[in-house]
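An overview of the molecular structure
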Amino acid sequence: MGEKPLSRKSSNGISRRGFLGRTGSVIGAVALAGHLAPAHAAAAAPPGPISDGAQVSALVIGTGYGGSVAALRLAQAGVDVQMIEMGMSWDTPGSDGKIFPKVTTPDYRSFWLRTRTKAPLSNFLGFPIDKDVPKYTGILDAEDFAGITVYQGRGVGGGSLVNGGMAVTPKRANFAAVLPSVDADEMYDTYYPRANAGLGVGMIDPAWFDTADCYQFSRVGRKHAQRSGFAWTFVPDVYDWDYMKREAAGTATKSALAGEILYGNNHGKKSLVQTYLAQAKATGRVAISPLHKVTSVSPAAGGGYTVTIDQINTTGDTVATKTVTAGRVFFAAGSVGTSKLLVKLKATGALANLNGEVGKGWGENGNVMCGRANHLWDPTGKLQSTIPCSGIDNWDAGGAFAEVAPLPTGIETYASFYLSITKNPNRAEFTWNAAAGKAELSWQTAWKAPSISMAKTIFDKINSKEGTIYRTDLFGGNKIWNDTLTYHPLGGAVLNKATDNYGRLHGYTGLYVIDGALIPGNASVNPFVTITALAERNIEKIIATDLP
């Protein structure tokens, strides 16, 4: 079928072919950080929001990790990019003078279009902690499906706004099980280093860690892990560790040490807004439209794709519907958002030629949470940084990797808290329910049983060694395991199944998936570095071979 071409000229008049020729092997010649010299600063892309009837070269649905990589690299290659983001641009302080609220004081900014908060840790000392809030396009979406709640970031920057920033590259020995069709050498030699540099990944100073009051909880986790014979490891993060030291010294405004993370972080964390998206906007070729939601993508009569977009207000009402034409479309709405949209488009006939793999291979990265009650001689500290920096590794023997997570309550809890990532083999599928007019997920809560068993290989042993017990007051109903959630949704448009080996959707030229939907259900660690590295790999290939 015909196709609307991408912009063939950079703003200095160099042809697309000439531009690529003059930059060597496109992005392959980039330095480790992956920084190409940007195209000429005279912007061709108009500022957002996108207008009805617009014709755009490349449209990226979502501003998370994959979408941000795609937008930056396309712009650096001379392509004008429009990014469509369902959430807000978080750049305006609230009445308290801060953009983001604390973990312990959620408010209208905290949750996406809910009238009651739904904190992952729902109870404390047996008392429920959720409360009523005004309906608002808040930063964290607790999206309920049958059997599971999926936590996702909402806003320009996607999940990078709300995660703990744990930037983990999988062990090379585990990579083949994560992405079997991808060359591990190229990922570990080129794309993981490029992703880590682009994200601003760093490591806590081990000497400072050993004395910082705010990491007493993590040192207790280390002691218990090692006494039970488990490997304990520092974990890289995208927080500015020099800023963290200044917070602790009282010379910088407290952020991680003021209970900020789950609903955004006001200072020290390097989200995509400070890294990839900042670089993308600096090219002058990237425009972002917040509070816009793509509802349809279909082939356009004159080539390219007709994209229908609803503009919403902060209470979720549609205030305008726009129709634009895009030469190419990159699906980067996150594993859930991309999967839901693709199964809808296939089922309704808008993209009927998508193959039968669309919607399949979805997993929750084996996420399960638990807490342990320590002895009085093992306090974990009143002051706890919201940024985790360590983990317990029993992946090879027991199928579990556990973050030593904070409980930033501001009081001494004598509790150790963990988010485990496990080798859960279960996979679900998204399907379209025409009668209900929505996508549904087949996950069952009972499918978390392997995750609990794998996490127990760590914590049963620690409890036995330390003479401690599990906390039963954190999740409601005398419950030890929080097995009803995930922070790490993956899959639904799996690489080399729903797409080719570089994210091109089968059945259509110029449609791509470039986010966590490509990864089949489990990354063995926190997934955002792998999502970023895979996007770097794929967009380099796409620019080199697909752009006219």
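Residues numbered from 1 in each chain as written. Predicted model: local features only at pLDDT ≥ 70, side-chain atom pairs only at ≥ 80, totals over all residues. Heavy atoms only, no water.

**Thoughts on the layout of surface pockets**
A water-sized probe, rolled over the atoms, reveals where empty space remains. In this structure, the second largest pocket occupies an estimated 470 Å³ of space. Surrounding the second largest pocket, 24 residues form its lining, W90, F100, S271, V273 and Q274 being those nearest its centre. Here the residues of the lining of the second largest pocket are counted per class, giving nine nonpolar, nine polar and six charged. (1 Å grid on protein atoms, 1.4 Å probe; cavity = no way out; pocket = protein on both sides within 12 Å on 5 of 7 lines; lining within 4 Å. Points joined across faces, edges and corners; volume = space filled by probe spheres on them. Nonpolar A, V, L, I, M, F, W, Y, C, P; charged D, E, K, R; others polar.)

**Description of the nonpolar core**
Within the largest apolar cluster, 91 residues are counted, with the highest numbers of intra-cluster contacts made by L59, V297, V329, F330 and F331. Here this core takes nine residues from helix α12 (residues 528-545), the largest share from any one element. Not counting residues within four places of it along the chain, the set of residues in contact with V297 comprises I61, Y305, T306, V307, V329, F331, L345, A350, L351 and L511. (Core = buried A, V, L, I, M, F, W, Y, C linked by side-chain atoms within 4.5 Å. Buried < 20%, exposed > 50% of the residue type's maximum accessible area, 1.4 Å probe, protein only. Helix = DSSP H or I, 4+ residues; strand = E, 2+ residues; numbered from the N terminus. Contact = heavy atoms within 4.5 Å.)

**What to know about the pairing of strand β2 (residues 81-84)**
In β2, alternate side chains face the same way, and those of V81 and M83 on one face and Q82 and I84 on the other are all buried. Across four bridges, the pairing between β2 and strand β8 (residues 286-289) is parallel. In the strand pairing of β8, Q82 is matched with A287. (Pairing = 2+ DSSP bridges.)

**Let's talk about the sheet that holds strand β6 (residues 148-153)**
Pairing in this open sheet of three strands is mixed, and the strands run β5-β6-β19 from one edge to the other. Two strands in the sheet have a free side with no partner beyond their single neighbour: β5 (140-145) and β19 (485-486). Across six bridges, β5 lies against β6 in antiparallel orientation. Looking at the pairing, A142 lines up with Y151 of β6. In this fold helix α9 (residues 334-347) packs onto β5 and β6, with an angle of close to 50° to the strand it touches most, β5. (Axes fitted to C-alpha atoms, helices over the stretch in contact; angles between N-to-C directions.)

**Considering the confidence of the model for the protein chain**
In the predicted model, the protein chain carries a mean pLDDT of 92, and the fraction of residues at 70 or more is 91%. Across the protein chain, the secondary-structure element scoring lowest on mean pLDDT is helix α1 (residues 16-22), at 32, and the one scoring highest is strand β20 (residues 511-513), at 99. Across residues 1-44 the pLDDT falls below 50, and counting only partners more than four positions away or on other chains, this stretch makes 99 contacts in the model. (pLDDT = per-residue confidence, 0-100.)

**Looking at the pattern of salt bridges**
Scanning the entire structure with this criterion turns up 25 salt bridges. The salt bridge partner of D378 is K223, with a shortest N-O separation of 2.5 Å. With D378 in the loop between β12 (368-373) and β13 (390-394) and K223 in helix α6 (residues 216-227), this residue pair connects regions lying 155 residues apart in the sequence. On the basis of relative accessibility, which here comes to 33%, the residue K223 falls in the partly exposed class. Two residues, E364 and K448, come together in a salt bridge whose shortest N-O distance is 2.6 Å. One end of the pair, E364, is in the loop between α9 and β12; the other, K448, is in the loop between β17 (438-441) and α11 (449-466), with 84 residues separating them in the sequence. When its relative accessible area of 0% is taken as the criterion, K448 is described as buried. (Salt bridge = Lys/Arg side-chain N within 4 Å of Asp/Glu carboxyl O.)

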